[in-house]
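Per-entry structural report
Take a look at the letters that make up each chain.
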Amino acid sequence: MKTFLILNIFLFSSCVGERGCGKSSLVANWVKHISSSYPEVPVIPHFVGSSTYSYDVTNFMRRCTKELRLHFLNSNYDDQMENKDISDYRRVVEAFHAALSLGPCIILIDGADDFGSSPDIPMFKVKEMQWLPVDIPPSCRLIITTSKADITFQSLSIRKDVYVIQVPQLFDSPAKRTLLREYVGFDSKFLSEDYTAKITSAKLSQLPIFYVAVASELRLFHNYKNAERQLDAYVQATSLSELWTLILRRWVHDYGWLMPAATRGPASMKAQVSRDRTNSGWVADALKLLSVSRNGLTVEEILGSLKIMGYVGNHEVATAHWTVFSLVSQNVLITTSLSLLRFFHHSFRTAVENALLRSLTAPSQERIISPYKDLWERQKLQCHNILTNYFDTVQPVTSRTVEELPWQHRISGNVNGLCKSLSKPVIFVTLMCSERETNKKLDVISYWKTLKEGSQSAVELLQKMVKNLQEKLESENSKRQDVDSTVFREEDLSTIEVLCSKTDGDFFTQMEVSVISFFAGKVSLDMLIWFKSYHLFDFISKF
């Protein structure tokens, strides 16, 4: 069950209801209405699950602090935060509390039960909600949706300033029939009285998301020979996870095919066999890759990764094949403004994790693969390796490569791979130039920290990178007598723009090597300061 929590009857509210009951739609429409009615009041909605960053509560608090300070003080919060501050949980919480008191504001957190762990803060601590102020400022309105069975609800419900709103389930039969017809349309043969009665009396019929899932299937069942049997299975499903698993099984069986045995190399998914038809074939493999990606994948990235897995030749997945599948799955896969495909609902992501990857841990966590590598961890590791193989071969390096490649190495526990990707000049400089973005700065800190925990010296790594570039430059200059590209002209593209567009084998000018050396020195100094303050804080906190 999901819940809506509000403090002081219009000060702090909590909305509770079962997954798929329409909480997110409810609060999204409410926020839209409030924003248009009161444009002078800042409204900050946070939808947990909308991106990888959204699962970290410290990212939410930093965002609120930044937007409220910008609105009320015209001050850029990021400019005042140093590395030691931006990763310090206590400082982030204090700044968040202070920002809530700046003026009238409305804060919405949708899906608080999906919050994961934060750096150095375990998930159960985050869900105890101690990061909220003891007393919500009178000018602040806080609205939270969560699950009744989650720690977040238990923690919030004991507060005296919380008003709980239970989102009602859909029990009205005419409303169910209207919803079904709106989703399916009026020309389906499955909208007869008998079929309608069967669907609206299903065990999950009280959830609007049930009609989204079933309606998308009914629209495809015109000439489907096993339509009635398939529909009976959907109607008898007792949970959303079971329903999505049944739908996944049909998709995998009807639209996918296995890769040829001869192409199954080290990068292939060897854990799946044809006995488990739900877990085999390119449709299942594509969904697995999406589930382990950071913020989703483009169609080009999915098709390229499938080629690496072994879907080549007569078994290649062409754009036309994907177009057919995208029409089938259009209600569960959404496309972002950056053309990235993502899962539309947490329940579907969970079904993919459980049915295809056999994952038993919360999918909202960034969980680094353990050294023990259980069966489901090995499957995840294979998916991570396929994506790292793909992004490692993309040339020239793009923003997507910088976003995915180091992260995939870190999550899969591949310290050597992380060293290799960070020592690529283009990736390194792109990361450093994006440090003004708070999330990117945190990424950089987490990468250096991972290297340190893996007994790797980031300073030595960067020194080696610069030394290799200087040696290569000297070798190239000895062959070139007329090299004049080291002279920078204002009318040309900036040195950094040119540098970031190069491939691994390109020539780097003296100016570009100097830029890389500057950033390498800056990182070495920042790390010295940051790790000293980090260990000092860790030492003090033990007493």
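In this text, all values refer to a predicted model and were calculated from it rather than measured experimentally.

Focus: the overall build of the protein
A tally of regular secondary structure across the protein gives 23 helices and eight strands. Per-residue burial over the protein gives 52% buried out of 543 residues. A separation threshold of at least 6 residues defines the contact pool for the protein, and within that pool the share at least 24 residues apart is 71%. Entry remark: accessible area of the protein is about 25,600 Å², with carbon and sulfur atoms responsible for 55%.

Focus on unusual backbone geometry
In this structure, S339 is a non-glycine residue whose phi angle is positive, near 65°. Relative to the assigned elements, S339 resides in the loop between strand 7 (333-335) and strand 8 (341-343). Its relative accessible area of 45% is what places S339 among the partly exposed residues. In this structure, S455 takes a positive phi of about 60° despite not being glycine. Structurally, S455 is set in the loop between helix 20 (438-453) and helix 21 (458-479).

With respect to the packing of helix 17 (residues 399-411) against helix 20
Orientation of helix 17 relative to helix 20, taken along the N-to-C sense of each, is 35°, at an axis distance of 11 Å. Remark: the crossing between helix 17 and helix 20 carries left-handed chirality. Side by side, helix 17 and helix 20 meet where E403, P406, W407 and R410 of the first sit next to S446, Y447 and T450 of the second. Its residues assigned to classes, the contact of helix 17 with helix 20 shows three nonpolar, two polar and two charged.

Considering the packing of aromatic side chains
Considering all chains together, one arrives at 15 aromatic pairs under this definition. Here the aromatic cluster, defined as three or more aromatic residues joined through ring pairs, consists of W244, W251, W257, W282, W322, F325, F343, F344 and F348.

Things to note about the state of the cysteines
Inspection of every chain in the model, using the stated rule, returns zero disulfides. As a non-bridged cysteine, C140 has C105 as the owner of its nearest cysteine sulfur, 3.8 Å distant. Of the residues examined, C140 reaches a relative accessible area of 1% and is grouped as buried.

Section: the nonpolar core
Grouped burial of nonpolar side chains is what soluble globular proteins tend to show. Core analysis: the largest hydrophobic core is formed by 100 residues, its most contacted members being L306 and F428. Once residues within four sequence positions are removed from consideration, L306 is found in contact with W282, D285, A286, L289, Y311 and V317. By size, the runner-up hydrophobic cluster in this structure holds 28 residues, among which are L68, M129, L132 and L142.

Some details on the pattern of salt bridges
As enumerated under the stated definition, the model contains 18 salt bridges in all. Between D88 and R91 there is a salt bridge, and its shortest N-O distance comes to 3.3 Å. A single salt-bridge network, built from bridges that share partners, covers E301, R400, E403 and E404.

Side note on the confidence of the model for the protein
Summarising the model, the protein shows a mean pLDDT of 79, and 78% of its residues fall at 70 or more. Mean pLDDT across the elements of the protein ranges from a minimum in strand 1 (residues 2-7), with 42, to a maximum in helix 13 (residues 299-309), with 95. Here residues 1-11 is modelled with pLDDT under 50, and outside its nearest four sequence neighbours on either side it reaches 86 contacts, counting other chains as well. Throughout residues 481-493 the model reports pLDDT below 50, and contacts reaching past four residues in sequence, or to other chains, amount to 11 contacts.

Section: helix 9 (residues 208-218)
In terms of residue burial, helix 9 counts as a mostly covered element, since 10 of its 11 residues are buried. Among all positions in helix 9, only I209, F210, Y211, V212, A213, V214, A215, S216, E217 and L218 are buried.

A look at the environment of D110
By the element assignment, D110 lies in strand 4 (residues 105-110). Separated by 85 residues in the primary sequence, D110 and S25 have C-alpha atoms spaced 9.9 Å apart. Beyond its immediate sequence surroundings of up to four residues, D110 is in contact with S24, V27, H46, F47, V48 and T145. Of the polar contacts made by the side chain of D110, one reaches the side chain of T145; its length is 2.6 Å.

Structural notes on the environment of I106
When you line up the elements, I106 lands in strand 4. Residue class for I106 comes out buried when judged on its relative accessible area of 10%. Each C-alpha atom, one on I106 and one on P45, is 8.2 Å from the other, the two residues being 61 residues apart in sequence. Dropping the residues within four chain positions of it, I106 is found in contact with W30, I34, V41, P42, V43, I44 and R141.

Quick notes on the packing of helix 18 (residues 415-422) against helix 20
One can describe the packing of helix 18 onto helix 20 by two numbers: an axis separation of 10 Å at closest approach and a directional angle of 135°. The orientation of helix 18 with respect to helix 20, classified from their angle, is oblique. Every pair of crossing elements has a handedness; the one defined by helix 18 and helix 20 is left-handed. Taking contact as the criterion, the partners of V415, L418, C419 and L422 in helix 18 are, on helix 20, Y447, W448, T450 and L451. Each residue belonging to the contact of helix 18 with helix 20 can be placed in one class, and the counts come to seven nonpolar, one polar and no charged.

Thoughts on the environment of E182
Relative to the helices and strands, E182 is located in helix 7 (residues 173-184). Considering only alpha carbons, one finds E182 and V212, 30 residues apart in sequence, at a separation of 9.9 Å.

Conventions we followed
Residues numbered from 1 in each chain as written. Predicted model: local features only at pLDDT ≥ 70, side-chain atom pairs only at ≥ 80, totals over all residues. Heavy atoms only, no water. Helix = DSSP H or I, 4+ residues; strand = E, 2+ residues; numbered from the N terminus. Buried < 20%, exposed > 50% of the residue type's maximum accessible area, 1.4 Å probe, protein only. Contact = heavy atoms within 4.5 Å. Areas by Shrake-Rupley, 256 points an atom, 1.4 Å probe, with all protein chains shown as cover. Axes fitted to C-alpha atoms, helices over the stretch in contact; angles between N-to-C directions. Left-handed = near helix turned anticlockwise from the far one by under 90°. Nonpolar A, V, L, I, M, F, W, Y, C, P; charged D, E, K, R; others polar. Phe/Tyr/Trp six-rings, centres within 6.5 Å; stacked < 30°, edge-to-face > 60°. Disulfide = S-S within 2.5 Å. Core = buried A, V, L, I, M, F, W, Y, C linked by side-chain atoms within 4.5 Å. Salt bridge = Lys/Arg side-chain N within 4 Å of Asp/Glu carboxyl O. pLDDT = per-residue confidence, 0-100. Polar contact = N/O pair within 3.5 Å; in protein donor to acceptor, adjacent residues only side chain to side chain. Parallel < 35°, antiparallel > 145°, perpendicular 65-115°, else oblique.

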